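So the chains spell out like this:
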Amino acid sequence: MKKGKGLLLVSLIMLICCVLSACGGEESSGASSSSTDSSNEPLKVALILPGKIDDVSFNQAMYEGMREVKKELGDQIEFAYTEEVYEVSDIEPALRDYASEGYDLVIGHGFQFMEPIIKVAQEFPDTMFALGTGYKTVSNSCVYDVQLQDGGYLMGTLAAMVTKTNKIGVVGGSDVSEIYRGHEAFKYAAKQVNPDVEIQELYTGDWNDVAKAKEGAISMYDSGVDIIWHSGDGIGLGVVQAAKEKDKICLGNVSDQNVLAPDNVLSGVVYDWAPIIKQMINDIQTNNFTNRDDKYYWITVGNGGIQVAPFRGKYAEYVTDEVKAKLEEVQKGLADGTIAMPDFEQ
């Protein structure tokens, strides 16, 4: 009789332990079909960059945005990245490798990723893909981009208000849609605050032709231009070099580029990709990614994705309280939609 009671007590203790274990366990060590267990698994995100993570431009801005999201979400996501996948022939294998490894979201950060993503996304319907700038999508892909007209408007306002020669310039790489919008907004905004300002413009036709950008910027400076905004990537380095060589003012783009020429890079546009990365991740976690009617994610002044770099360098005194107040007014107007701009389409 005592032996029977002892066995009953042991059985009860084992049953209680099993119940407590099932209620309190943080993570299952094996595979499970339970939705509760699967929801605890981190979302796997892969970022493929065409350049280096320390380029003080397009690639670094995206990498830092991804790191910011990882820091905020912690164990909710798993993050991996690959640098310098620039050639189209290398892009497909990189996309396919991450998709084959079970990544939930694969990000191709550049226009050249468009056709490879369209192809590979159809091979891996359960993987979500994001294209950095572009215009083609399929059901399990999206495009993210920058409303560069916001940044261009801010830089045009700044340049036209601080110029001492009444001549300003803008230099871009390829004349693609987002760069075109930025340039047109730059010119439009400059004329709003300074109708008499003269504006020179150059497209190099190549994102990475540093020499051509530098040569064009020097020509502008020699003709009397005293401040130039560049709209991004490798050509920006050429403009910064020209500003440093000629001791003139340059406005950067994508990242805070003052480190490249501390005396001459007065300010610039800074991209923060974190808001739209978080939005994409949230849409995947809530099963809304493939159901969106709008397949575009935009960084803007309104969501904090477009910011103005601090005013620094030997020309910082040109940014008076009046200029700062105007820029704050413009930022507010862009954020709340009260600033009207033409539809800058090519």
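Quick caveat, the model's predicted, so the values are computed rather than measured.

## Re the pattern of salt bridges
Under the defined criterion, the tally for this structure stands at 15 salt bridges. In this structure, Asp-247 engages Lys-314 in a salt bridge whose closest nitrogen and oxygen atoms are separated by 3.0 Å. Residue Asp-247 is located in the loop between α9 (234-246) and β9 (249-252), and its partner Lys-314 is located in the loop between β12 (306-308) and α11 (321-336); the two are separated by 67 residues in the primary sequence. Close ionic contact of Arg-292 with Asp-283 constitutes a salt bridge, the shortest N to O distance being 3.1 Å. Through salt bridges with shared partners, a single ionic network connects Glu-92, Arg-96, Lys-119 and Glu-123.

## Quick look at the environment of Val-120
Mapping Val-120 onto the fold places it in helix α5 (residues 114-123). Using a relative accessible area of 0% as the deciding quantity, one classes Val-120 as buried. The sequence separation of Val-120 and Ala-99 amounts to 21 residues, and the corresponding C-alpha distance is 8.7 Å. Among residues more than four places away in sequence, those in contact with Val-120 are Glu-92, Leu-95, Arg-96 and Phe-129.

## Structural notes on the packing of helix α3 (residues 58-73) against helix α10 (residues 274-285)
When two helices pack together, their arrangement is given by the angle between the helix axes and by the axis-to-axis distance. In the contact formed by α3 and α10, the axes pass within 8 Å of each other and the chain directions differ by 55 degrees. Judged by the angle between their axes, α3 and α10 are oblique. Crossing angle aside, the handedness with which α3 passes α10 is right-handed. Touching Met-62, Gly-65, Met-66, Glu-68, Val-69, Glu-72 and Leu-73 of α3 are Ala-274, Ile-277, Lys-278 and Ile-281, all from α10. When its residues are assigned to classes, the contact of α3 with α10 shows 7 nonpolar, 1 polar and 3 charged.

## Some details on the packing of aromatic side chains
Enumeration over the complete set of coordinates arrives at 13 aromatic pairs. Their ring planes at 25 degrees and their centres at 6.0 Å tell us that Phe-79 and Tyr-81 sit as a pair that is stacked. Given the relative accessible area of 22%, Phe-79 is considered partly exposed. Owing to a relative accessible area of 33%, Tyr-81 belongs among the partly exposed residues under this scheme. An angle of 80 degrees between the planes, with centres 5.3 Å apart, marks the rings of Tyr-144 and Trp-273 as edge-to-face.

## A closer look at the sheet that holds strand β2 (residues 77-82)
Spatial ordering of the open sheet is given by β2-β1-β3-β4-β5-β11, a layout of 6 strands whose pairing is parallel. In the strand order of this sheet, the two ends are held by β2 and β11 (296-299), each with one partner. With direction set aside, neighbouring strand axes in the sheet form an average angle of 20 degrees. Bridge count between strand β1 (residues 43-48) and strand β3 (residues 105-108): 4 bridges; the pairing is parallel.

## Points about the sheet that holds strand β10 (residues 265-271)
Two pairing modes exist for strands in a sheet, parallel and antiparallel, and in both the strands are linked by backbone hydrogen bonds. Strand order in this open sheet of 6 strands is β7-β6-β8-β9-β10-β12, and the pairing throughout is mixed. For this open sheet the edge positions go to β7 (198-203) and β12, each flanked by a neighbour on one side alone. Taking the axes of each pair of neighbouring strands and ignoring which way they run, one obtains an average angle of 15 degrees across the sheet. Sheet topology note: the strand β8 (residues 227-230)/β9 ladder contains 3 bridges and is parallel. Of the residues in β9, the one forming a bridge with Ile-227 is Ile-249.

## Digging into the confidence of the model for the protein
Across the protein, the average pLDDT comes to 89, with 89% of residues at 70 or higher. This stretch, residues 1-38, has a pLDDT under 50; its non-local contacts, to residues over four places away or in other chains, come to 3 contacts.

## Thoughts on α11
With 16 residues, α11 should reach 22 Å at 1.5 Å per residue; the first-to-last C-alpha distance of 23 Å fits that figure. Of all the residues in α11, the buried ones are Val-323, Leu-327, Val-330, Gly-333 and Leu-334. Considered in projection along α11, the buried side chains sweep an arc of 125 degrees and stay on one side of the axis. Facing away from the buried surface of α11 by more than 90 degrees, the exposed residues are Asp-321, Glu-328 and Lys-332. Turning to α11, the residues buried within the fold contact α6 (148-162).

## Here's the deal with the nonpolar core
Membership of the largest hydrophobic core comes to 63 residues, with the highest contact counts inside it found for Ile-107, Tyr-144, Tyr-271, Trp-273 and Ile-281. Ranked by residue count, the leading element in this core is α6, at 8 residues. Leaving out residues up to four positions away in the same chain, Ile-281 has contacts with Leu-43, Val-45, Val-69, Leu-73, Ile-77 and Leu-105. Within the second largest apolar cluster, 22 residues are counted, among which are Ile-48, Ala-80, Phe-124 and Val-143.

## Details of the pairing of β2
In this sheet, β2 lies alongside β1 in parallel orientation, the contact comprising 6 bridges. Following the sheet pairing, Val-45 is matched in β2 by Phe-79. Taken together, β1, α3 and β2 form a β-α-β motif whose crossover is right-handed.

Calculation criteria
- Along each chain, residues carry numbers from 1 onward, in the same order as the chain's sequence is written.
- In keeping with the model being predicted, local features are shown solely for residues with a pLDDT of at least 70 and side-chain atom pairs are shown and tallied solely at 80 or more, while totals for entire chains, interfaces and linings include all residues.
- By convention in this description, side-chain values take in all heavy atoms of the structure and omit both hydrogens and water.
- Salt bridges are counted wherever a side-chain nitrogen of Lys or Arg sits within 4 Å of a carboxyl oxygen of Asp or Glu.
- A run of H or I in DSSP becomes a helix once it reaches four residues, and a run of E becomes a strand once it reaches two; helices and strands are each numbered from the N terminus.
- In this scheme, a residue with accessible area under 20% of its type's maximum is buried, one over 50% is exposed, and one in between is partly exposed, where area comes from a 1.4 Å probe on protein chains only.
- In what follows, a contact means two residues having at least one pair of non-hydrogen atoms within 4.5 Å.
- Interaxial angle, 0 to 180 degrees, is taken between N-to-C directions of lines fitted to C-alpha atoms, where a helix line uses only the stretch in contact.
- Should an angle lie under 35 degrees it is considered roughly parallel, over 145 roughly antiparallel, and from 65 to 115 roughly perpendicular; all remaining angles are considered oblique.
- Crossings are sorted by hand: turned counterclockwise from the far helix by less than a right angle, the near helix makes the crossing left-handed, and turned clockwise it makes it right-handed.
- Only Asp, Glu, Lys and Arg are considered charged in this grouping, and only Ala, Val, Leu, Ile, Met, Phe, Trp, Tyr, Cys and Pro are considered nonpolar; every other residue, Gly among them, is considered polar.
- Geometry of aromatic contacts follows a simple scheme: Phe, Tyr and Trp rings, the Trp one being its six-membered ring, pair when their centres are within 6.5 Å, and the pair is stacked under 30 degrees between planes, edge-to-face over 60, tilted otherwise.
- When DSSP finds two or more bridges between a pair of strands, those strands are recorded as paired.
- What pLDDT conveys is the predictor's confidence in a given residue, as a value from 0 to 100.
- Multiplying 1.5 Å by the helix residue count minus one yields the expected span of that helix.
- Taken from the helix axis, the directions to the C-beta atoms give the arc we talk about.
- By nonpolar core is meant a set of buried Ala, Val, Leu, Ile, Met, Phe, Trp, Tyr and Cys residues that side-chain atoms within 4.5 Å join together.
- Looking down the strands as they point away from the viewer, one classifies a crossover as right-handed if the path from the first strand across the helix to the second runs clockwise.

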